[in-house]
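# Chain and residue survey
What follows is each chain in one-letter form.
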Amino acid sequence: MAKYLLLTAALLCAGMAQADNSKANAPVVVDSDGFKEPLSKLKFNPGLDQREFERSTLSALNVYDPLEEWNRRVYHFNYRFDQWVFLPVVDGYRYITPGFVRTGVSNFFNNLGDVPNLMNSLLQFKGKRSMEITARLLLNTTIGIAGLWDPATAMGLQRQSEDFGQTLGFYGVPGGAYFVLPILGPSNLRDTAGLAVDFSAESAINFLNVSQVSENHPEIWALRAVDKRYQTRFRYGQMNSPFEYEKVRYVYTESRKLQIAE
């Protein structure tokens, strides 16, 4: 309640100051994000810092985030790691590797990812989706030569994403606290546990003997990480908003709800 009172006082002061300075008729500047100069209101109350303003403004506050201070630090670390390390490596990978090779690498790792996709689809009793993923695995592993090509997509069998976090959600396990993972990004306690299960299952299944070979060749894991970032379109700072952390948190939480409900 105190935060909302502070926000109300700040807005009232802002209105009075604008009236005294004859700025009421000035054109309102709306940024590309849809907010009307949100930070300008902070000038009228030095005690109302940016975080308090953000927390009082966005509906995304409904996301359970008791670890917010830690999460913000990790988010900032991920931002800098992405900017200084990950993206330069991806750019170098894109520069030195022909397009058809990059496509083959992505197809190969996506084919491996269909193994936990199938497992979780079966656990959620998604019969049609399980058959589609099975068909994808058979086609891409055989005709596609271990997944280097993707004839299944060309035949209308689109890749589906199913993970153990979704499986837990399917059985009613709540997401728990929002949690930002180093390098990997947005998650929650349920989905973090799901990642560990998916990784363990993929290692145990050892499809195409990749997991066993990777134990002696860590460069395979490095290539997979680079390919994953190469396929991910998200870029830190692309929202051009002071509220990026809240927006990413909200979008992640809502998208997971939709994935579980489908």
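The protein is annotated in an unreviewed UniProt entry as VacJ family lipoprotein from Pseudomonas ekonensis. Per its UniProt entry, the protein bears the Sequence similarities (unreviewed entry) comment "Belongs to the MlaA family."

## Some thoughts on the overall build of the protein
Secondary structure assignment for the protein yields eleven helices and two strands. Along the protein, helices (α) and strands (β) appear in the sequence α-α-α-α-α-α-α-β-β-α-α-α-α when read from the amino end. Expressed as a percentage of the 262 residues in the protein, the buried residues total 39%. In the form shown here, the protein has an accessible surface area of approximately 15,400 Å², with 64% of it arising from carbon and sulfur atoms.

## So, the layout of surface pockets
Each pocket or cavity is described by its volume, and for the largest pocket that value is around 2,100 Å³. What lines the largest pocket is a set of 47 residues, among which Leu184, Pro186, Leu195, Lys228 and Thr232 lie closest to the centre. When contributions to the lining of the largest pocket are tallied by element, the ones reaching two or more residues are α3 (68–96), α4 (99–123), β2 (185–188), α8 (189–205), α10 (219–231) and α11 (244–261). Looking at the lining of the largest pocket residue by residue, the classes come out as 19 nonpolar, 14 polar and 14 charged.

## Some words on the side chain of Asp198
As for its placement among the helices and strands, Asp198 is situated in helix α8. The side chain of Asp198 sits in the buried core without any salt bridge; Arg256 is the nearest counter-charge, 7.3 Å away. When neighbours within four sequence positions are excluded, Asp198 is seen to be in contact with Pro116, Met119, Asn120, Asp163 and Phe164.

## Quick word on the environment of Glu202
Structurally, Glu202 can be placed in helix α8. The contact partners of Glu202, leaving out residues within four places of it in the chain, are Leu112, Pro116, Phe207, Ser211 and Arg224.

## What to know about unusual backbone geometry
We note that Ala146 has phi near 65°; this positive angle belongs to a residue other than glycine. With respect to the helices, strands and loops of the structure, Ala146 is situated in the loop between α5 (127–142) and α6 (151–154). The phi dihedral of Leu208 is positive, around 60°, even though this residue is not glycine. For Leu208, the position within the fold is in the loop between α8 and α9 (210–216). Judged by relative accessible area, which is 37%, Leu208 ranks as partly exposed.

## Comments concerning the packing of α3 against α10
Where α3 meets α10, the closest approach of the two axes is 10 Å, and the angle between their N-to-C directions is 95°. Relative to α10, α3 is oriented roughly perpendicular. Along the contact surface, α3 presents Asp82, Phe86, Leu87, Val89, Val90, Tyr93 and Arg94, while α10 presents Leu223, Ala225, Val226, Arg229 and Tyr230. Residue classes in the contact of α3 with α10 are distributed as nine nonpolar, no polar and three charged.

## Topic: empty space enclosed by the protein
In this approach, a probe sized like a water molecule rolls over the atoms, and the result shows the empty space that is left. Enumeration according to the criterion identifies one cavity of 30 Å³ or more in this entry. If you add up the space inside the largest cavity, you get close to 40 Å³. Surrounding the largest cavity, Leu112, Glu202, Phe207, Val210, Ser211 and Arg224 form its lining. Each residue belonging to the lining of the largest cavity can be placed in one class, and the counts come to three nonpolar, one polar and two charged.

About the cut-offs
- Residues numbered from 1 in each chain as written.
- Predicted model: local features only at pLDDT ≥ 70, side-chain atom pairs only at ≥ 80, totals over all residues.
- Heavy atoms only, no water.
- UniProt positions renumbered as here; feature names shortened; annotations may be inferred.
- Helix = DSSP H or I, 4+ residues; strand = E, 2+ residues; numbered from the N terminus.
- Buried < 20%, exposed > 50% of the residue type's maximum accessible area, 1.4 Å probe, protein only.
- Areas by Shrake-Rupley, 256 points an atom, 1.4 Å probe, with all protein chains shown as cover.
- 1 Å grid on protein atoms, 1.4 Å probe; cavity = no way out; pocket = protein on both sides within 12 Å on 5 of 7 lines; lining within 4 Å.
- Points joined across faces, edges and corners; volume = space filled by probe spheres on them.
- Nonpolar A, V, L, I, M, F, W, Y, C, P; charged D, E, K, R; others polar.
- Lys, Arg positive; Asp, Glu negative; His and termini not counted.
- Salt bridge = Lys/Arg side-chain N within 4 Å of Asp/Glu carboxyl O.
- Contact = heavy atoms within 4.5 Å.
- Axes fitted to C-alpha atoms, helices over the stretch in contact; angles between N-to-C directions.
- Parallel < 35°, antiparallel > 145°, perpendicular 65-115°, else oblique.

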